[in-house]
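Descriptive analysis of the structure
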Amino acid sequence: MRLKCQYCRLTLDQQHFILADKQLTSICDICQVRGLQLGDFENTQTRALATVRQWVYLGLPTGAPQQSKQRLSLNKSQKKRCASLIDAFDALTGSWQNTKMRRDFYRRIIAWQDQPAATVITGNLPNDLAKLGFDVDRLFDKNTLDYTTRAYIREKFHHQCQYCGRYGDSVDHKDRVTLSDDNRLENLTLACRECNKLKGSMPYQQFWQWNQEIPATLAQLRDYEKTLQRLNVQQKTYQNRLAVQRHLNAEIRDPQLVALRKQIKLFQGLIDGEDSDYQKLIQTRHDYIISHYETWQLEQKE
Ligand SMILES: [Zn+2]
Ligand SMILES: [Zn+2]
C-alpha cells in the first residue's frame, strides 16, 4: 500500500507512515525529521486506512480548523524522481534496520527538497546519492553489494521472493551481515519488501521454515497480489480512457463519461475490498511468524 504525504506530497510505501505498531501518521517520516508536527496536518487517506485496519490515526482530524495550508512545492517530475529514489533506498538490504544511515539519507533528501533546482536527481540510486553528497562508498561497501551482484540475484530468482513467492526485489542476506559479513552468493537470496522487513534479524533457517508451514496462506497472498495487479491495470485503463473522453467531450453529463465514471467507481470498490482482505491476511501471517519467533527466542534463552 502506498500513501501520500500531506506535506511533501510524495506517494511512498506505507512504512513511511507507520510510527509504531498499528499507528498511521498524516505526514511521512521524512517530513517528521523536518520537525513538522503530525497534528498540524490532516490526511483523509491514512485516516481512512487506519479506521479500516482499526489502527490509530495520528494527525489533524478532518474538518478541524487548520492553520495556513503549508506544503512543499515540488513539480510533478521532481516528486516522481524523489519518490523513486526513496523507493530504491528502501529496497536496500537492512536499510530499515539502520537508523543512522536512514537519518542521514533523510537529511539529504530534505536539503534537496528545499532547493530542488540546484541538483537534478534521476531516481538512479548510486548516482543520486553521490550527487546529494552521500558517502556512497561507505554505504555500498559495508551494508550492501554492488549493483551487478544485486542484478544477478534478482535475475537468478526471477524477481520472486524466496520466502512467499510474491514479487521481490530486495536482495537479502540469509544470515545477518553484522554477524557474518558474508557477502558470498550462497548467503544471498531474494525477498519481497515485506518478507525482508518481517525477517529483520530472524535466523534464516527458521524464518524459511515458519513460512513453509503455511503454504495455503502464502498461496492466498500470491493470489491477492495478482488480482490487485489486474484490477489496478484495468482501473488505469478506464482512467486513461476517461481522461481522453473528457478531453474530446466537454459535456459533463455525456452518457459515455457517466458510464466510465461508474465503471471506475465500481473498480475502486473492488480494489479497496480486495486490498483490505489482503492487508488482513498479511497481518495474519505477520502475527504467525512473530509468535513463532518469540517462542524461538525464549527457547534460546533456556
Ligand atoms: Zn512527506
Ligand atoms: Zn515475500
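Residues numbered from 1 in each chain as written. Chains lettered and ligands numbered in written order. Predicted model: local features only at pLDDT ≥ 70, side-chain atom pairs only at ≥ 80, totals over all residues. Heavy atoms only, no water.

The chain goes by HNH endonuclease in an unreviewed UniProt entry, where it is assigned to Lapidilactobacillus mulanensis.

1. Observations concerning the packing of aromatic side chains
Let me state the cut-off plainly: Aromatic pairs are defined between Phe, Tyr and Trp rings, using the six-membered ring for Trp, whenever the two ring centres lie within 6.5 Å; interplanar angles under 30 degrees are classed as stacked, those over 60 as edge-to-face, and all others as tilted. The helix count covers DSSP runs of H or I at least four residues long, the strand count covers runs of E at least two residues long, and both are numbered beginning at the N terminus. Here's how the labels work: a residue is buried when its accessible area is under 20% of the maximum for its type, exposed when over 50%, partly exposed in between, all with a 1.4 Å probe on protein chains only. Put simply, a charge is over a ring when the Lys NZ or the Arg CZ is close to the ring centre, within 6 Å, and near the line of the ring normal, within 35 degrees.
Applying the stated criterion across every chain, the model contains ten aromatic pairs. Ring centres of Phe105 and Phe134 lie 6.4 Å apart, and the angle between their planes is 75 degrees; on these two criteria the pair is classed as edge-to-face. Of the two residues, Phe105 is situated in helix α4 (residues 99-114) and Phe134 in the loop between α5 (125-131) and α6 (136-143); the sequence distance between them amounts to 29 residues. Using a relative accessible area of 4% as the deciding quantity, one classes Phe134 as buried. In textbook terms, an aromatic cluster arises when at least three aromatic residues are bridged by ring pairs, as seen for Phe89, Phe105, Tyr106 and Phe134. Positioned above the aromatic ring of Trp96, the side-chain terminus of Arg102 is 3.6 Å from the ring centre.

2. Digging into the coordination of the zinc ion (ligand 2)
In plain terms, the rule: Listed donors are limited to N, O and S atoms within 2.8 Å of the metal, widened to 3.2 Å for Na, K and Ca; water is not among them, so incomplete-looking sites are possible. Four donors are marked tetrahedral only if all angles between them lie between 85 and 135 degrees, whereas four are marked square planar and six octahedral if opposite donors are more than 155 degrees apart and the other angles lie between 65 and 115; the remainder are marked irregular.
Within the first shell, the zinc ion (ligand 2) binds the protein through Cys161 (SG), Cys164 (SG), Cys192 (SG) and Cys195 (SG), at distances of 2.3 Å. Between the four donor atoms coordinating the zinc ion (ligand 2), the angles at the centre fall across 103 to 116 degrees, so the site counts as tetrahedral. Along the chain, the residues donating to the zinc ion (ligand 2) fall in the pattern C-x2-C-x27-C-x2-C. Neither Cys161 nor Cys164 differs from the other in exposure class; each is buried.

3. Describing helix α12 (residues 255-301)
Using the following cut-off: Working rule for helices: expected span equals 1.5 Å times residues minus one. Between N or O atoms, a polar contact is any pair within 3.5 Å; within protein, one atom must be a potential hydrogen donor and the other a potential acceptor, and residues adjacent in sequence are included only when both atoms are from side chains.
Helix length check: α12, at 47 residues, gives a terminal C-alpha distance of 69 Å against a target of 69 Å (1.5 Å per residue), a fit within 8%. The N-capping residue of α12, defined by a side-chain oxygen 3.1 Å from the backbone nitrogen of Gln256, is Asp254.

4. A word on the packing of helix α3 (residues 76-91) against α4
Worth spelling out the cut-off: A fitted line through C-alpha atoms represents every axis, and for helices the fit uses only the stretch in contact; the resulting angles, taken between N-to-C directions, go from 0 to 180 degrees. Orientation is classified from the angle alone, with under 35 degrees giving roughly parallel, over 145 giving roughly antiparallel, 65 to 115 giving roughly perpendicular, and any other angle giving oblique. Working rule for contacts: check all heavy atoms of both residues, and any pair within 4.5 Å makes them a contact. Think of it as three bins: nonpolar holds Ala, Val, Leu, Ile, Met, Phe, Trp, Tyr, Cys and Pro, charged holds Asp, Glu, Lys and Arg, and polar takes everything else, Gly as well.
It is at 12 Å that the axes of α3 and α4 come closest, and there the two elements cross at 170 degrees. Relative to α4, α3 is oriented roughly antiparallel. Together, Gln78, Cys82, Leu85, Ile86, Phe89 and Asp90 of α3 and Met101, Arg102, Phe105, Ile109, Trp112 and Gln113 of α4 make up the contact between the two elements. In terms of residue class, the contact of α3 with α4 is built from eight nonpolar, two polar and two charged.

5. Looking at the pairing of strand β6 (residues 188-191)
The condition that has to hold: Pairing between two strands is assigned when DSSP locates at least 2 bridges connecting them.
Alternating residues of β6 divide into Leu188 and Leu190 and Thr189 and Ala191, and every residue in both groups is buried. Both strand β5 (residues 170-173) and β6 contribute to a ladder of four bridges, which runs antiparallel. Opposite Ser170, over in β6, you have Ala191 as the bridge partner.

6. Thoughts on the side chain of Arg53
Let me state the cut-off plainly: Charge counting treats Lys and Arg as positive and Asp and Glu as negative, with His and both chain ends excluded. Each reported salt bridge corresponds to a side-chain nitrogen of Lys or Arg within 4 Å of a carboxyl oxygen of Asp or Glu.
Tracing the chain through its elements places Arg53 in helix α2 (residues 44-53). Within the buried core, Arg53 has no salt-bridge partner, and the shortest N-O distance to an opposite charge, that of Asp275, equals 5.6 Å. Aside from chain neighbours lying at most four places away, what touches Arg53 is Met1, Gln14, Leu24 and Gln279.

7. Thoughts on the pattern of salt bridges
Summed over the entire model, instances satisfying the criterion amount to nine salt bridges. Bridged by salt links that share partners, the residues Arg166, Glu194 and Arg285 form one connected network.

8. Digging into the coordination of the zinc ion (ligand 1)
Looking at the zinc ion (ligand 1), the protein donor atoms are Cys5 (SG), Cys8 (SG), Cys28 (SG) and Cys31 (SG), and they sit 2.3 Å from it. Written as a sequence motif, the donor residues of the zinc ion (ligand 1) are C-x2-C-x19-C-x2-C. Within this pair, whereas Cys8 is found in the loop between β1 (2-4) and β2 (11-13), its partner Cys28 is found in the loop between β3 (23-25) and α1 (29-33), the two being separated by 20 residues in sequence. Residues Cys8 and Cys28 agree in their burial class; the two are buried.

9. Here we look at the nonpolar core
Applicable threshold: Residues enter a nonpolar core if they are buried and are Ala, Val, Leu, Ile, Met, Phe, Trp, Tyr or Cys, with the set joined through side-chain atoms within 4.5 Å. An automatic or database domain assignment supplies the residue ranges for each domain.
Of all hydrophobic cores here, the largest spans 38 residues; its most connected members are Tyr7 and Phe105. Those elements giving two or more residues to this core turn out to be α1, α2, α3, α4 and α5. The element best represented in this core is α4, accounting for six residues. The two domains that each donate at least three residues to this core are domain 1 (2-58) and domain 2 (76-211). Those residues within four positions of Phe105 in sequence are excluded, and the remaining contacts are Leu85, Ile86, Phe89, Leu129 and Phe134. With 28 residues, the next largest nonpolar core counts Tyr163, Cys164, Tyr238 and Leu281 among its residues.

10. Some details on the packing of helix α10 (residues 204-212) against α12
We apply this condition: When the near helix sits turned anticlockwise from the far one by under a right angle, the crossing is termed left-handed; a clockwise turn instead gives a right-handed crossing.
Where α10 meets α12, the axes come as close as 10 Å, and the angle between the chain directions of the two elements is 135 degrees. Taken together, α10 and α12 sit at an angle that is classed as oblique. Crossing of α10 over α12 shows right-handed handedness. When α10 is examined against α12, the residues Gln206, Phe207, Trp210 and Asn211 are found in contact with a partner set consisting of Arg285, Tyr288, Ile289, His292, Tyr293 and Trp296. For the contact of α10 with α12, the residue count by class is six nonpolar, three polar and one charged.

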